[in-house]
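Analysis of the macromolecular model
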Amino acid sequence: MALSKKQMITLFTNLVRADRFDKMFYARMLQGKLIGFYHPGEGAIAPGVAAASFLNDDDNLSPHHRAHGMAHNLSKGIDLKYYLAEHTGKETGCCKGRSAFHFSFPEKKVYMMSGFIGYNFAPVVGWGFAAKRRGQKQVVMNCSGDGSYGQGRAHESMLFAKTMNLPIIYWCENNGMAIHSSIEDMHPTKDISSLAKGFDMPAIIVDGQDVFACAEVALKAIKRARDGKGPTFVECKTLRFKEHDMGTKDLKGYRARKAEELDPMREREPVLLATKRVLKDGILTQTQIDAIGAKADEEVAAAEKFADESEIATPTVEELMAAVYAPNA
Amino acid sequence: MALSKKQMITLFTNLVRADRFDKMFYARMLQGKLIGFYHPGEGAIAPGVAAASFLNDDDNLSPHHRAHGMAHNLSKGIDLKYYLAEHTGKETGCCKGRSAFHFSFPEKKVYMMSGFIGYNFAPVVGWGFAAKRRGQKQVVMNCSGDGSYGQGRAHESMLFAKTMNLPIIYWCENNGMAIHSSIEDMHPTKDISSLAKGFDMPAIIVDGQDVFACAEVALKAIKRARDGKGPTFVECKTLRFKEHDMGTKDLKGYRARKAEELDPMREREPVLLATKRVLKDGILTQTQIDAIGAKADEEVAAAEKFADESEIATPTVEELMAAVYAPNA
Amino acid sequence: MRELTFIEAIREAYIQEMKLDESVFLVGQDIRGSIFPHTEGLVQQFGEDRIVDTPLAESGMYGLAFGAAQEGLRPVVDFMFGGFTYVTFSEVSITTGQYHFLHGSQQALPLVITAAVGTGMRLANDHAMSVHSTFCHHPGIKVVMPSTPYDAKGLMAAAIRDNNPVVIPWHLGLMMERGHVPEEDYIIPLGTAEVKREGTDITVLANSVQLKNALEVAAKLEGEISVEVIDPRSFEPFDMDTLLKSLEKTNRLVIVDEDWENCGFAGTVSARVVEQGFDLLDAPIIRVTTPNMPIPGGYMENYVAPNPERIEAAIREVCA
Amino acid sequence: MRELTFIEAIREAYIQEMKLDESVFLVGQDIRGSIFPHTEGLVQQFGEDRIVDTPLAESGMYGLAFGAAQEGLRPVVDFMFGGFTYVTFSEVSITTGQYHFLHGSQQALPLVITAAVGTGMRLANDHAMSVHSTFCHHPGIKVVMPSTPYDAKGLMAAAIRDNNPVVIPWHLGLMMERGHVPEEDYIIPLGTAEVKREGTDITVLANSVQLKNALEVAAKLEGEISVEVIDPRSFEPFDMDTLLKSLEKTNRLVIVDEDWENCGFAGTVSARVVEQGFDLLDAPIIRVTTPNMPIPGGYMENYVAPNPERIEAAIREVCA
Ligand SMILES: Cc1ncc(C[n+]2csc(CCOP(=O)(O)OP(=O)(O)O)c2C)c(N)n1
Ligand SMILES: Cc1ncc(C[n+]2csc(CCOP(=O)(O)OP(=O)(O)O)c2C)c(N)n1
Ligand SMILES: [Mg+2]
Ligand SMILES: [Mg+2]
């Protein structure tokens, strides 16, 4: 599926925005201006943008945890200022300042994240089931890392999706690492997507540094799902430039990752590649690109202002206790 | 690997014994002379005999739950009278009458069963790990049903086995059913062993009604594991003649299984097939076969006598409490 | 008065709620063929889309329910045996309990988890264990357990209508108990205990099959010790008022619960009573629970779980 | 006196036991690279065969440990965070706890489960939850939790030498605490509480990070209220004798525990004291626990978990 000019601009814009948000989060974490964890996204933000940029509001999205799903969420049309406010413990946060780094945007069908890697595999089955039952051609975009496919939950999820012919896309953002572990040590085959063979599920492997290539594959898998043809496995081969999460050493196994390994990666930085491409293809001019960057900076600054000016959430224990259960009408 | 005459006689003898024990358990359950569950083995006892008849004492075995692993356990050289005593709540039972239908024969490296289908997949990893670490070429025979491969635990187990090159045989006794569910409704591919492809693990499919064919495959997989070549997936296509467990209706989905379905199955009864074969190949004479049957009957009768003459286990609560923890030297 | 068995009463609640609300559906393993009679014939009545059998995979099965609830459906997910919830425990406990609250109380998660539990069939620990204390420990999940056919229908209906995750195990020992069950639709509000027998000397708090045992002992002691018997029916939320009101009269308490002693429901109630009603107590609170051993499946099952003899002994001790 | 941090003390126990016994090994995710400093440098010292990293799959990882223990090895399995044990919960709770007993007490299962737990880092419920009450509830598993570097080394060494499954969570809030740790090898027998401060007016039972808080409050109240502070150190088995002996003197009790109120350790101790020492009590036992809500990760973490203010208030209430 060739991308339209408009689609390419959307992808490029979202990619730039995701990159700026990730850098802002990284910088704030260093300054002690975020609470909880941060898992930096540098190098790995293209698959999320591609997965989510062309979903409808009523399609389900489970973002990957890297960069805390910001690439995915902003591409789905979610205003990240509420997430930054959450991540700074503010009342205006998307979870009322209760969750530290979790999120929830049910109006956009992004329901949650959880601290258990692989948690996504169970609920996507229910979303796919509900979508099929409604018959309105919604799809479920289920994004997670290579590591998450170690979990047995992945197997159960794919088993259900294929057996029940559910419209779920298994979108694996394979950066070749899980914390310090490299995939060569932790997975027996070259490609994680070999798992799809076990279920006779179609699988596609794509360059995860190329947002446009990823988007073409995403559109194909989304169309299959909308057409009632069931699940697809997509493996985006991507990279991780930084440490797993801030505060954890950047090791491979138990040895520091070397410059020889990291330097060539940087040449495959997704914004860099996308910029070359839009210029080469005449999709955007340098002036337009600069404008997109400037606008992203403004958006980021506005989010910071919003979060910083919001009140810290300090409800009473009684108020919190009253919020544990949903009310009954 | 062609079987020797001696091997064939061993297999035939164990098959007959397994069949008699299963029938005795079935009859006793009807008479209220067993406690807990019984999951009848009729039609499905050949794979267990084949899997376990040529294991060494220091190889690990996790029996399938059908016929409560009796085919496997007797083939491993375990005296089933202690299991019958257990299943009748007697002090002489293998678990001191505490477990109802569970078993444990650690001296033969049959450690346990558990009520959670799929429970076997986790510990076999540790047995394989220990075997590899010792370097004494022991193998792990991991038997369970088609249904059990729905569990994510199966995926994790195979992932570990293949990644760490562990000597584990995934011995799937596929009777096409899990309680009422038929495999066509619950698994997306024709063969369960397609799952092995996901891990690049060799897989073999074999006629589970033919104890000799199963044994040839078992010997091949055992040899691979002993030779340090890692795990193998073996799928034995077998049958279930009776209801899932005694007291549960015999349905497929929610309709009674029909005579048209069951009758042709009976023609593929494993003792019947094996008898034909040993006669045809001149391995045993009818007289010898009758003697094997008579001896099996004696063994069964002796087990019943042992169990019936043993005392019911009624330790005090204090005695039981004292047995919860293993002593420290 | 129309009588139903306990399990038929649950079934009637399913039928009633599925008729009232299109979004209610059942999911489990082999429920179309009905391992237990509460799903008997339901697939014929409601179709395969609403009586959903899944592969033998609890995370996938529960995920189907959980995700469907986020999508506005109202699943009842049947785990067959209570212990099987442990196979997908991070989902059923933490992820479920925190969904509403941690994500800013934006969205309800209306789902029901049900399963058979309990001793009496000699199935041993993994099939016989209770699960209500475990679920009570994890915030954000309601936990109820019926003791009569009437309560079974009313609590199940209330659980299905509740906008929160509700765990409702049912005891195998009650499956075939008969009792009055009105045909019309009714619910028993979650969080309401019931005084099942009035008395003045001592209060016995007992649930599920143990309520039966407690009532049997109370009847036996009539004339000698006047025993008030309360069924909590709901463990979380728990109706403390009813219990404290009873203690104002009796000043003595025995708590009977088939779950384990350690970190169990009985201990929690005892501690709460001590905190909130210490001055009401004329004697120590004694608990009759399953001692801290894996539940044996052999003949010892009879005397390891609470039984009438142990309940009577506890009552006598507290009243001595 | 040589000082180590709490986490270095755990590391020293690992080194000591691995040197003493070839069958001891560690297994976990990314422990070679040491997510937490207790495994720092161990792979260089002991090699990849004894410091085993696994794929991101808790059932497989725990299965490796469990099966290896059946095979006579002595694994320490590190779940990173306590909540991650829930991902393979049927294995870590029921299958583990029943293995020895239900199968006729034929074979020991010597393994150690460890993980970080606790509030203070704003990681929210699934990373911040306690797990000790949950494990206590399931018979056949020992559960201990150190509060000082000295205890951390001694309890970890004892856990590794024990012939049973032992869960030993450690609190993130103690990770960098310094204290005296002897170089020589020693153990603290599982099941022994310790009076960490003597007093005569009231007993406070507090563990892990809450012991620190309790000692701080006790010091503050010196001259006004004389507070005896006991660290249970071991939840299961629990040292009831030390507690009852203290109550003979103080007749008042506050129990502090970071786990949830409902079906938690604090409730169990309260109920046991009422059963076994009712006449010793001059006032209600009050518990200071985490209220029954999913643990928030935001700024409310400070006042939702037990803290010195809440402990002081409870002491004053019981002594009023
Ligand atoms: C159940 C569970 N086990 C372990 C962890 C610790 N953990 C957090 S992120 C992570 C690695 C995830 O790897 P992957 O899925 O490839 O995503 P990536 O971080 O590489 O983008 C691990 C092991 C966890 N959070 N949950
Ligand atoms: C975790 C778990 N889920 C469900 C069950 C109920 N159950 C017992 S046996 C069984 C079917 C097993 O099927 P399979 O593995 O194919 O073996 P078979 O009985 O067909 O020989 C089921 C679903 C269980 N015991 N444990
Ligand atoms: Mg990764
Ligand atoms: Mg089967």
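If you're wondering where the values come from, they're calculated on a predicted model, not measured in any experiment.

Structural notes on the site of ligand 1
- Near ligand 1 lie 22 residues; those nearest to it are Arg66, Asp146, Gly147 and Met177 of chain A together with Glu58 of chain D.
- Neighbouring residues of ligand 1 are not confined to one chain but are distributed across chains A and D.
- A distance of 2.8 Å separates an oxygen atom of ligand 1 from a polar side-chain atom of histidine 64 of chain A.
- One nitrogen or oxygen atom from the side chain of aspartate 146 of chain A is found 2.7 Å from an oxygen atom belonging to ligand 1.
- Within the complex, the protein chains bury 97% of what would otherwise be the 590 Å² of accessible surface of ligand 1.
- Residue composition of the shell around ligand 1, grouped by class: 9 nonpolar, 10 polar and 3 charged.

Some thoughts on the coordination of the magnesium ion (ligand 4)
All names here are of chain B.
- The protein atoms donating to the magnesium ion (ligand 4) are Asp146 (OD), Asn175 (OD1) and Met177 (O), with metal-donor distances spanning 2.0 to 2.1 Å.
- Mapping the donors of the magnesium ion (ligand 4) onto the primary sequence yields the spacing D-x28-N-x1-M. Grouping residues by exposure puts asparagine 175 and methionine 177 together as buried.

Brief notes about the interface of chain D and chain C
- Residue-level contacts link 49 residues of chain D with 49 residues of chain C.
- Interface area, chain D with chain C, both sides summed: about 4200 Å², of which 63% is carbon and sulfur.
- Taken together, the links from chain D to chain C amount to 4 salt bridges.
- Glutamate 275 of chain C is the partner of arginine 287 of chain D in a salt bridge, and the nearest nitrogen-oxygen pair spans 3.0 Å.
- Our enumeration of links across chain D and chain C arrives at 22 residue pairs in polar contact (both at pLDDT 80 or more).
- Elements supplying a minimum of two residues to the side of chain D that touches chain C: α4 (89-102), α5 (125-128), α6 (132-137), β13 (253-260), α10 (265-277) and β14 (286-290) of chain D.
- Tallied by class, residues from the side of chain D that touches chain C come to 25 nonpolar, 16 polar and 8 charged.

Considerations on the relation of the copies chain D and chain C
- In the superposition of chain D on chain C (RMSD 0.0 Å, axial shift 0.0 Å), the rotation amounts to 180°. Here the two chains are linked by the operation of a two-fold rotation axis. By C-alpha distance to the rotation axis, the residue of chain D lying nearest is cysteine 263 of chain D, at 2.3 Å.
- Taken as a fraction of all interface residues of chain D, those also at the interface in chain C reach 100%, which identifies the copy contact as same-surface.

Structural notes on the packing of aromatic side chains
Residue and element names in this part refer to chain C.
- Applying the stated criterion to the full structure yields 50 aromatic pairs over all chains.
- Ring centres of tyrosine 62 and phenylalanine 79 lie 6.0 Å apart, and the angle between their planes is 35°; on these two criteria the pair is classed as tilted. In this pair, tyrosine 62 sits in helix α3 (residues 58-70) while phenylalanine 79 sits in strand β4 (residues 74-81), placing the two residues 17 residues apart along the sequence. The burial state of tyrosine 62 is the same as that of phenylalanine 79; both residues are buried.
- Relative to tyrosine 99, the ring of phenylalanine 66 lies with its centre 6.1 Å away and its plane at 65°, an arrangement referred to as edge-to-face. Within this pair, whereas phenylalanine 66 is found in helix α3, its partner tyrosine 99 is found in helix α4 (residues 89-102), the two being separated by 33 residues in sequence.
- We classify tyrosine 99 as buried; its relative accessible area is 1%.

Remarks on the coordination of the magnesium ion (ligand 3)
Residue and element names in this part refer to chain A.
- Binding of the magnesium ion (ligand 3) to the protein goes through Asp146 (OD), Asn175 (OD1) and Met177 (O), at separations of 2.0 to 2.1 Å.
- When the donor residues of the magnesium ion (ligand 3) are listed from N- to C-terminus, their spacing reads D-x28-N-x1-M. Of this pair, aspartate 146 sits in the loop between β2 (140-145) and α6 (152-163) while asparagine 175 sits in the loop between β3 (168-174) and β4 (177-178); the two residues are 29 residues apart in sequence, bridging distant segments of the chain. There is no split in this pair, since aspartate 146 and asparagine 175 are both buried.

Quick look at the pattern of salt bridges
- For the coordinates displayed, the defined rule picks out 90 salt bridges over all chains.
- In this structure, aspartate 191 of chain A engages lysine 237 of chain A in a salt bridge whose closest nitrogen and oxygen atoms are separated by 2.6 Å. Residue aspartate 191 of chain A is found in the loop between α7 (183-186) and β6 (203-207), and its partner lysine 237 of chain A is found in strand β7 (residues 232-237); the two are separated by 46 residues along the sequence.
- Residue lysine 237 of chain A is classed as partly exposed on the basis of its relative accessible area of 29%.
- Of the charged contacts, one joins arginine 2 of chain C and glutamate 12 of chain C as a salt bridge, the two residues approaching to 2.5 Å between their closest N and O atoms. Taken together, the positions of arginine 2 of chain C in the segment before β1 (3-5) and glutamate 12 of chain C in helix α1 (residues 6-20) put the pair 10 residues apart, joining distant regions of the chain.
- The exposure class assigned to glutamate 12 of chain C is buried, which follows from its relative accessible area of 17%.
- One connected set of salt bridges, linked through shared partners, spans Lys190, Asp191, Glu235 and Lys237 of chain A.

A few points about the interface of chain C and chain A
- Across the boundary between the two partners, chain C contributes 48 residues, which contact 39 residues of chain A.
- The largest per-residue losses of area from chain C upon contact with chain A belong to Glu71, Phe101 and His103 of chain C, which jointly make up 19% of the total buried on that side.
- For the pair chain C and chain A, the interface holds 3 salt bridges.
- One salt bridge connects glutamate 71 of chain C with arginine 134 of chain A, and the closest N-O pair in it is separated by 2.8 Å.
- Taken together, chain C and chain A are joined by 27 residue pairs in polar contact (both at pLDDT 80 or more).
- Only β3 (51-53), α3 and α4 of chain C provide two or more residues apiece to the side of chain C that touches chain A.
- Its residues assigned to classes, the side of chain C that touches chain A comprises 17 nonpolar, 20 polar and 11 charged.

Observations concerning the environment of histidine 38 of chain C
Residue and element names in this part refer to chain C.
- Within the secondary structure layout, histidine 38 lies in the loop between β2 (24-28) and α2 (42-46).
- On the basis of relative accessible area, histidine 38 is assigned to the buried category, the value being 1%.
- In the structure, histidine 38 is positioned 29 residues away from alanine 9 in sequence and 8.0 Å away in space, judged by C-alpha atoms.
- Discounting chain neighbours no more than four positions away, the residues touching histidine 38 are Ile7, Ile10, Arg11, Tyr14, Asp78 and Trp170.

Digging into the confidence of the model for chain A
- Averaged over all residues, the pLDDT of chain A is 97; the fraction at 70 or higher stands at 100%.
- Averaged pLDDT values for the elements of chain A fall to 95 in helix α9 (residues 259-266) of chain A and rise to 99 in β3 of chain A.

Looking at the packing of helix α3 (residues 58-70) of chain D against α4 of chain D
Residue and element names in this part refer to chain D.
- Their axes nearest at 12 Å, the elements α3 and α4 cross at an angle of 10°. In terms of axis orientation, α3 runs roughly parallel to α4. Here α3 contributes Ser59, Tyr62, Phe66 and Gln70 to the contact with α4, which in turn contributes Glu91, Val92, Thr95, Thr96 and Tyr99.

Section: the pairing of strand β14 (residues 286-290) of chain C
Residues and elements named next belong to chain C.
- The element β14 is extensively covered by neighbouring structure, given that 5 of its 5 residues are classed as buried.
- Taken together, the 4 bridges between strand β13 (residues 253-260) and β14 define a ladder with parallel strand orientation. Bridging across to β14, isoleucine 255 finds its partner in arginine 287.

Details of the site of ligand 2
- Within the structure, ligand 2 sits among 22 residues, and Arg66, Asp146, Gly147 and Met177 of chain B together with Glu58 of chain C are positioned closest to it.
- Neighbouring residues of ligand 2 are distributed over chains B and C.
- At 3.0 Å from an oxygen atom of ligand 2 is found a side-chain nitrogen or oxygen belonging to histidine 65 of chain B.
- One nitrogen or oxygen atom from the main chain of methionine 177 of chain B is found 2.7 Å from an oxygen atom belonging to ligand 2.
- Protein chains shield 97% of the accessible area of ligand 2, which is 580 Å² for the free molecule.
- Split by residue class, the shell around ligand 2 holds 9 nonpolar, 10 polar and 3 charged.

Quick word on unusual backbone geometry
- Following glutamate 236 of chain C, the chain continues into proline 237 of chain C via a peptide bond in cis, with omega recorded as -5°.
- Locating proline 237 of chain C in the fold gives a position in the loop between β12 (234-236) and α9 (240-250).
- With a phi angle near 60°, lysine 109 of chain B is a residue other than glycine that sits in the positive phi range.
- Among the structural elements, lysine 109 of chain B can be located in the loop between α4 (81-87) and α5 (121-134).
- A positive phi angle, near 50°, is found at serine 105 of chain D, a position not held by glycine.
- With respect to the helices and strands, the residue serine 105 of chain D is situated in the loop between α4 and β5 (112-117).
- When its relative accessible area of 22% is taken as the criterion, serine 105 of chain D is described as partly exposed.

Conventions we followed
- Residues numbered from 1 in each chain as written.
- Chains lettered and ligands numbered in written order.
- Predicted model: local features only at pLDDT ≥ 70, side-chain atom pairs only at ≥ 80, totals over all residues.
- Heavy atoms only, no water.
- Near = heavy atom within 4 Å.
- Polar contact = N/O pair within 3.5 Å; in protein donor to acceptor, adjacent residues only side chain to side chain.
- Areas by Shrake-Rupley, 256 points an atom, 1.4 Å probe, with all protein chains shown as cover.
- Nonpolar A, V, L, I, M, F, W, Y, C, P; charged D, E, K, R; others polar.
- Donors = N, O, S within 2.8 Å, 3.2 Å for Na, K, Ca; no water.
- Buried < 20%, exposed > 50% of the residue type's maximum accessible area, 1.4 Å probe, protein only.
- Contact = heavy atoms within 4.5 Å.
- Buried area = accessible area lost by both parts, 1.4 Å probe.
- Salt bridge = Lys/Arg side-chain N within 4 Å of Asp/Glu carboxyl O.
- Helix = DSSP H or I, 4+ residues; strand = E, 2+ residues; numbered from the N terminus.
- Least-squares fit on C-alpha atoms with pLDDT ≥ 70 in both.
- Phe/Tyr/Trp six-rings, centres within 6.5 Å; stacked < 30°, edge-to-face > 60°.
- pLDDT = per-residue confidence, 0-100.
- Axes fitted to C-alpha atoms, helices over the stretch in contact; angles between N-to-C directions.
- Parallel < 35°, antiparallel > 145°, perpendicular 65-115°, else oblique.
- Pairing = 2+ DSSP bridges.

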